[in-house]
Amino acid sequence: MKHRILVVDDSLTIRNLLSMVLRQNGHDVVTAGDGLEGLQQLAAHRVDLIISDLNMPRMDGLSFIKKIRQNDSTSAIPVILLSTEKASRDIDNAMDAGASKYLVKPVLPAVLAAEVKKLLR
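Residues numbered from 1 in each chain as written. Predicted model: local features only at pLDDT ≥ 70, side-chain atom pairs only at ≥ 80, totals over all residues. Heavy atoms only, no water.

A. Up close: the pattern of salt bridges. Across all of its chains, the model carries eight salt bridges by this definition. Note that Asp 9 is salt-bridged to Lys 105, the shortest N-O span being 2.9 Å. With Asp 9 in the loop between β1 (4–8) and α1 (12–24) and Lys 105 in the loop between β5 (101–104) and α5 (109–120), the pair connects residues that are 96 residues apart, well separated along the chain. Between Asp 48 and Arg 46 there is a salt bridge, with the nearest N and O atoms lying 2.5 Å from each other. By relative accessible area, which is 52% here, Arg 46 ends up exposed. Residues joined in a network through salt bridges with shared partners are Asp 9, Asp 53 and Lys 105. (Salt bridge = Lys/Arg side-chain N within 4 Å of Asp/Glu carboxyl O. Helix = DSSP H or I, 4+ residues; strand = E, 2+ residues; numbered from the N terminus. Buried < 20%, exposed > 50% of the residue type's maximum accessible area, 1.4 Å probe, protein only.)

B. Up close: the pairing of β5. Where strand β4 (residues 79–83) lies against β5, four bridges are found, and the strand directions are parallel. Bridged to Ile 80 within β5 is Lys 101. Regarding topology, helix α4 (residues 88–97) serves as the crossover connection from β4 to the parallel β5, and that connection is right-handed. (Pairing = 2+ DSSP bridges. Right-handed = clockwise from strand over helix to strand, strands pointing away.)

C. Spotlight on unusual backbone geometry. Residue Pro 106 is reached from Lys 105 by a cis peptide bond, and omega for that bond is -5°. By the element assignment, Pro 106 lies in the loop between β5 and α5. The backbone phi angle of Arg 58 is positive, close to 65°, even though this residue is not glycine. Following the sequence through the fold, Arg 58 ends up in the loop between β3 (49–53) and α3 (61–70).

D. Quick look at the packing of helix α2 (residues 35–44) against α3. Look at α2 against α3: their axes get within 9 Å of each other, and the N-to-C directions meet at 30°. When the axes of α2 and α3 are compared, the pair comes out roughly parallel. Along this stretch, α2 crosses α3, giving a crossing that reads as right-handed. Mapping the contact onto sequence places Gly 35, Gly 38, Leu 39 and Leu 42 in α2 and Phe 64, Lys 67 and Ile 68 in α3. Residues belonging to the contact of α2 with α3 are distributed by class as follows: four nonpolar, two polar and one charged. (Axes fitted to C-alpha atoms, helices over the stretch in contact; angles between N-to-C directions. Parallel < 35°, antiparallel > 145°, perpendicular 65-115°, else oblique. Left-handed = near helix turned anticlockwise from the far one by under 90°. Contact = heavy atoms within 4.5 Å. Nonpolar A, V, L, I, M, F, W, Y, C, P; charged D, E, K, R; others polar.)

Okay, structure coming up:
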């Protein structure tokens, strides 16, 4: 079964890289440049998992996750939060907001694929 994954990151390069890795692992991918676009994509597409950057313009990853968790139709979707931030405070904030997993950039493709597979089970 093909899963659809939403990738939300303000860097086109990162979006393209993540999309390539996910497609190589058999997933469909939709993308967004920030949390607001991510919410629009969620309204337009059913997704099985979300991968979001933490620091983005207009709506950051924490605000995006909080919005997702407040909506009955999206509250159960697993979310991987990606960031260059390594401080335990940032990780705690992400988990408190409702992230399912926190990964530090740059993330190895094999690690990303393994975490996605685990969360989609």
